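Coordinates in review
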Amino acid sequence: MSRSQFLPQIPYGTKDFLPRDARRKRAAENALASLFARWGYDEVVTPTFEYLETLTVGVSGDLVQSLFKFFDRNNAILALRPDMTTPIARVAATRFRESVPPLRLFYLTNVFRQEQAQAGRQCEFYQAGVELLGAGGPAADAEVVALAVTALLETGLTNFQVGLGQVQFLNGVMAESGLTAGEQQRVKQFLVSRDLVGLGEILAGSSLSAAAQKLIREIPLLHGNDKVVSEAYRLVGNDVSRAALDNLADIRRLLAGYGVERYVTFDLGLIRDLDYYTGMVFEGYTPGLGFPLCGGGRYDNMVAAFGVDCPATGFAMGIERILLALERQGIAPPEAVRDAYVAWDEGALAAAIAEAGRLRHEGRTVEMALEASSRAEAEAARAAKGYSRLVYCDNNVAAG
Ligand SMILES: N[C@@H](Cc1c[nH]c[nH+]1)C(=O)O
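Residues numbered from 1 in each chain as written. Predicted model: local features only at pLDDT ≥ 70, side-chain atom pairs only at ≥ 80, totals over all residues. Heavy atoms only, no water.

A count of helices and strands for the chain gives 15 helices and 15 strands. Seen along its three principal axes, the alpha-carbon backbone of the chain occupies a region of about 95 × 55 × 50 Å. Within the chain, the proportion of its 400 residues that are buried is 48%. Contacts in the chain between residues at least 24 apart in sequence constitute 70% of all its contacts with a sequence separation of at least 6. With the model as given, the accessible surface of the chain reaches about 19,700 Å², and the carbon-plus-sulfur share is 52%. Of the charged side chains in the chain, 40 are positive and 47 negative, and the gap between their average positions amounts to 2 Å. (Helix = DSSP H or I, 4+ residues; strand = E, 2+ residues; numbered from the N terminus. Buried < 20%, exposed > 50% of the residue type's maximum accessible area, 1.4 Å probe, protein only. Contact = heavy atoms within 4.5 Å. Areas by Shrake-Rupley, 256 points an atom, 1.4 Å probe, with all protein chains shown as cover. Lys, Arg positive; Asp, Glu negative; His and termini not counted. Charge placed at Lys NZ, Arg CZ, Asp CG, Glu CD.)

Laid out in structure tokens, this is it:
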């Protein structure tokens, strides 16, 4: 095939970050890394791929279906990490056995899921997130939710809401409902996709009493401020659901101390599409984006699946989704800094190199011409490239 006929493509669900996007991504990531560090979190970097059996510990359902899998030369099955929660649980269980809890870790990295791709939702995508391991109480959950809100603000977004739920609320309702395991699973799927018609149909076809059906149909509507918790308390009689509501009320009280409670609303129908959560769960939304900006929650059984009992909570945000939301909301990306264009007359290249070095040493952003030019040509090049200043070196003077 001749070169002109070859039109290279990139795989489905991947994208190139050209300089403008890469700059915006870098700016967001730098801001988040510095924020996480200010909250006492240390960065970890884990392998891009791991053994399949490691990545499936404590995880089932859709996440496992979406793995990219391949073999090494010994025929061991490997997979690209679909998120960082499992790799960090592995690290915590194997490398930090002796350290004093809690452990606060953060990451900024790419993860991979084979899914239907669309804007803001590629098969390779970037996450910024934290995991807080070794603390089981509401203080840890409140810290993680507050950090998620602060992180969204740090990126420049202001128009967003975080929905806060608790998986044990629904578990309690399900346990006392009398639905079969299969029916419970389908109810959960309809709640994940917020398909109220499908939910109504499965309930109508079940053997549940009218009162029990009504309760489950109302769960997606339990959405709003503090009143929602008292309303839900009246609706459910079982201890598991009530303990979940108490836990949410505790977290919400602590969030007020962080000053972020106005960004947070209760959403008792919130179920994440990852099934390792065991307690509070949350997702952040912004108008005009049909999928969450960030999400997380408590997952107390994952590290135990690696052999060390250790409660844990955390969240991750989708970097591309943040960038898309910023773009759609007209929030200006950082401009590229272009301080000086250094050009030179025949015979003055050495002087130009020295001058560029001096300016760079001062912290200026400098581009060097690679061929000699006249001052007029250099000025035209400076303007075209968007540099604020021309430094023109000739054989007599080294400035301009
Ligand atoms: N790994 C989850 C987010 C999370 C981090 N910790 C707990 N949950 C995700 O990809 O959505």
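The interhelical angle for the contact between helix H8 (residues 196-204) and helix H9 (residues 210-218), taken along N-to-C directions, is 165°, at an axis separation of 10 Å. For the element pair H8 / H9, the angle class is roughly antiparallel. In terms of crossing hand, the pair formed by H8 and H9 is right-handed. Here H8 contributes Leu 199, Gly 200, Leu 203 and Ala 204 to the contact with H9, which in turn contributes Gln 213, Ile 216 and Arg 217. Within the contact of H8 with H9, the residues separate by chemical class into 4 nonpolar, 2 polar and 1 charged. (Axes fitted to C-alpha atoms, helices over the stretch in contact; angles between N-to-C directions. Parallel < 35°, antiparallel > 145°, perpendicular 65-115°, else oblique. Left-handed = near helix turned anticlockwise from the far one by under 90°. Nonpolar A, V, L, I, M, F, W, Y, C, P; charged D, E, K, R; others polar.)

Further remarks concern the pairing of strand E13 (residues 340-344). For E13, the buried fraction is high: 5 of the 5 residues fall into the buried class. Going residue by residue along E13, you find Ala 340, Val 342 and Trp 344 tucked away on one face and Tyr 341 and Ala 343 tucked away on the opposite face as well. By the bridge criterion, 5 bridges tie E13 to strand E15 (residues 389-393) in an arrangement that is parallel. Counted as the bridge partner of Ala 343 is Tyr 392 from E15. (Pairing = 2+ DSSP bridges.)

For helix H5 (residues 138-154), with 17 residues, the first-to-last C-alpha span of 24 Å sits near the 24 Å given by 1.5 Å per residue. Here H5 lies mainly inside the structure; 13 of its 17 residues are buried. Backbone geometry just downstream of H5 places Gly 156 in the positive-phi region, at approximately 110°. (Expected span 1.5 Å × (residues − 1).)

Once that is clear, we can look at a negative patch on the surface. Judged by side-chain charge, Asp 62, Glu 115, Asp 273 and Asp 275 come together as a negatively charged surface patch. In this fold, Glu 115 is placed in the loop between strand E5 (103-112) and strand E6 (124-133). (Patch = residues over 30% accessible without salt bridge, like charges linked within 9 Å, V, L, I, M, F, W, Y side chains within 5 Å. Salt bridge = Lys/Arg side-chain N within 4 Å of Asp/Glu carboxyl O.)

Glancing now at the sheet that holds strand E10 (residues 280-285). One open sheet holds the 9 strands; their spatial order is E1-E5-E6-E12-E11-E10-E7-E9-E8, and the pairing between them is mixed. The open sheet has two edge strands, strand E1 (42-43) and strand E8 (223-224), and neither has a second partner. Across 6 bridges, the pairing between strand E7 (residues 161-166) and E10 is antiparallel. Opposite Gln 166, over in E10, you have Met 280 as the bridge partner.

Moving on, we come to the packing of helix H1 (residues 19-38) against helix H13 (residues 319-328). A packed helix pair is summarised by two numbers, namely the angle formed by the two axes and the spacing between the axes. Orientation of H1 relative to H13, taken along the N-to-C sense of each, is 110°, at an axis distance of 10 Å. Here H1 lies roughly perpendicular to H13, going by the angle between them. Between H1 and H13 lies a crossing of right-handed hand. Mapping the contact onto sequence places Arg 20, Asp 21, Arg 24, Lys 25, Ala 28, Glu 29 and Leu 32 in H1 and Ile 319, Leu 323, Leu 326 and Glu 327 in H13. Its residues assigned to classes, the contact of H1 with H13 comprises 5 nonpolar, no polar and 6 charged.

The next point concerns the pattern of salt bridges. Per the stated rule, a full pass over the model turns up 21 salt bridges. For Arg 298, the salt bridge identified is with Asp 141, shortest N-O distance 2.9 Å. Here Arg 298 is found in strand E11 (residues 294-298), whereas its partner Asp 141 is found in helix H5, with 157 residues between them in sequence. In this structure Arg 298 comes out as buried when scored by relative accessible area, which is 5%. Via salt bridges that share partners, Lys 15, Arg 20, Asp 21, Arg 24 and Glu 327 belong to a single interconnected network.

Quick look at the confidence of the model for the chain now. Here the chain averages 93 in pLDDT, while 98% of its residues score no lower than 70. Interface confidence for the predicted complex, given as ipTM, is 0.99, next to a pTM of 0.93. (pLDDT = per-residue confidence, 0-100.)

Before going further, it helps to examine the site of the ligand. As a structural note, the neighbourhood of the ligand is formed by 17 residues, with Asp 83, Thr 85, Glu 131, Tyr 276 and Tyr 277 the closest of them. The contact in question runs from an oxygen atom of the ligand to an N or O atom on the side chain of Arg 113, over 3.0 Å. In the model, a nitrogen atom of the ligand is placed 2.8 Å from a nitrogen or oxygen of the Glu 131 side chain. Compared with its free state, where it exposes 300 Å², the ligand has 97% of that area covered by protein. (Near = heavy atom within 4 Å. Polar contact = N/O pair within 3.5 Å; in protein donor to acceptor, adjacent residues only side chain to side chain.)

In this section: the side chain of Glu 29. With respect to the helices and strands, Glu 29 occurs in helix H1. Given the relative accessible area of 10%, Glu 29 is considered buried. For Glu 29, the residues in contact, after removing those within four places along its chain, are Leu 108, Tyr 126 and Ile 319.

Going through the model one piece at a time under the given rule, you end up with 10 aromatic pairs. Between Phe 17 and Tyr 126, the aromatic rings sit 5.6 Å apart at their centres with planes inclined by 90°, giving edge-to-face as the arrangement. In this pair, Phe 17 is assigned in the segment before H1 and Tyr 126 in strand E6, connecting sequence segments 109 residues apart. Taking relative accessible area as the criterion, Tyr 126 reaches 18% and is therefore assigned buried. Where Phe 36 meets Phe 106, the ring centres are 5.5 Å apart and the plane angle is 55°; that geometry is what we call tilted. Taken together, the residues span a long stretch of sequence, with Phe 36 in helix H1 and Phe 106 in strand E5 at a distance of 70 residues. Grouping residues by exposure puts Phe 36 and Phe 106 together as buried. Linked through ring pairs, Phe 36, Phe 106, Phe 282 and Phe 315 together constitute an aromatic cluster. One residue, Lys 15, lies across the ring of Phe 17, its end atom 4.5 Å from the ring centre. (Phe/Tyr/Trp six-rings, centres within 6.5 Å; stacked < 30°, edge-to-face > 60°. Lys NZ or Arg CZ within 6 Å of the ring centre and 35° of its normal.)

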